Amino acid sequence: MDNVAIQWGAFPTDNISRKVTTVKEKVQPKEYENFVKHIMMDKKLYKPSIEQLIYFSVSKVLALKVIKRDAKYWEDKGWLSKNYFYDSKINIFKKVIANRFYKMLYKKVNRVEE
């Protein structure tokens, strides 16, 4: 489930889990502090991982070449001209790798005609 959320542009933040034997335990602040920090943080300060940038590139190629319905959505969101779902701090090394991956994948994937 974490990977699906990341592919949709969510912040990976941590999780709060309980077992059957601990389900009634009160949630402690240390369990949700990272989650709250990410909700409150300025997205421009977020640093996506290379994995997140690759997922973004894959999704962009699919939108442009395979899933036409997604292309309109991506265009409306302004994501087609971006390196990630929102403006954030992207290390130049990661940006170059993700951009090269995108270009390679774009050339390899054949356009699907509807």
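Structural data are supplied above this passage.
Residues numbered from 1 in each chain as written. Predicted model: local features only at pLDDT ≥ 70, side-chain atom pairs only at ≥ 80, totals over all residues. Heavy atoms only, no water.

### A few points about the pattern of salt bridges
A side chain of one charge can pair with a side chain of the opposite charge when the charged atoms of the two come close.
Consideration 1: Throughout the structure, instances matching the rule amount to three salt bridges.
Consideration 2: Between Asp76 and Lys72 there is a salt bridge, with its nearest N and O atoms 2.9 Å apart. Of this pair, Asp76 and Lys72 both sit in helix H4 (residues 68-77), separated by four residues, roughly a single helical turn.
Consideration 3: Lys82 is the salt-bridge partner of Asp87, the closest N and O atoms lying 3.1 Å from each other. (Salt bridge = Lys/Arg side-chain N within 4 Å of Asp/Glu carboxyl O. Helix = DSSP H or I, 4+ residues; strand = E, 2+ residues; numbered from the N terminus.)

### Describing the packing of helix H3 (residues 50-65) against helix H5 (residues 92-108)
Helix packing for two helices is described by the angle between their axes and how far apart those axes are.
Consideration 1: Running from N to C, H3 and H5 cross one another at 30°; their axes reach a closest spacing of 9 Å. With respect to their mutual orientation, H3 and H5 come out roughly parallel. Crossing geometry of H3 relative to H5 is assigned as right-handed. Facing Ile50, Leu53, Ile54, Ser57, Val58, Lys60, Val61, Leu64 and Lys65 of H3, the residues of H5 in contact are Lys94, Ile97, Ala98, Phe101, Tyr102, Leu105 and Tyr106. (Axes fitted to C-alpha atoms, helices over the stretch in contact; angles between N-to-C directions. Parallel < 35°, antiparallel > 145°, perpendicular 65-115°, else oblique. Left-handed = near helix turned anticlockwise from the far one by under 90°. Contact = heavy atoms within 4.5 Å.)

### Topic: a nonpolar patch on the surface
Consideration 1: Among the surface-exposed residues, Ile16, Val27, Tyr32, Phe35, Val36, Ile39 and Met40 lie close enough to one another that they form a single nonpolar patch of about 670 Å² accessible area.
Consideration 2: Since its relative accessible area comes to 53%, Ile39 is described here as exposed. (Patch = residues over 30% accessible without salt bridge, like charges linked within 9 Å, V, L, I, M, F, W, Y side chains within 5 Å. Areas by Shrake-Rupley, 256 points an atom, 1.4 Å probe, with all protein chains shown as cover. Buried < 20%, exposed > 50% of the residue type's maximum accessible area, 1.4 Å probe, protein only.)

### Overview of the packing of H3 against H4
Consideration 1: Where H3 meets H4, the closest approach of the two axes is 6 Å, and the angle between their N-to-C directions is 115°. Where H3 abuts H4, its residues Phe56, Ser59, Lys60, Ala63 and Leu64 lie against Lys68, Asp70, Ala71 and Trp74.
Consideration 2: Here the residues of the contact of H3 with H4 are counted per class, giving five nonpolar, one polar and three charged. (Nonpolar A, V, L, I, M, F, W, Y, C, P; charged D, E, K, R; others polar.)

### Overview of the nonpolar core
Consideration 1: In this structure, Tyr46, Leu53, Phe56, Ala63, Trp74, Trp79, Tyr84, Phe85, Tyr86, Ile90 and Ala98 together form the largest nonpolar core, which totals 11 residues.
Consideration 2: Counting residues per element, this core draws most heavily on H3, which supplies three residues. (Core = buried A, V, L, I, M, F, W, Y, C linked by side-chain atoms within 4.5 Å.)

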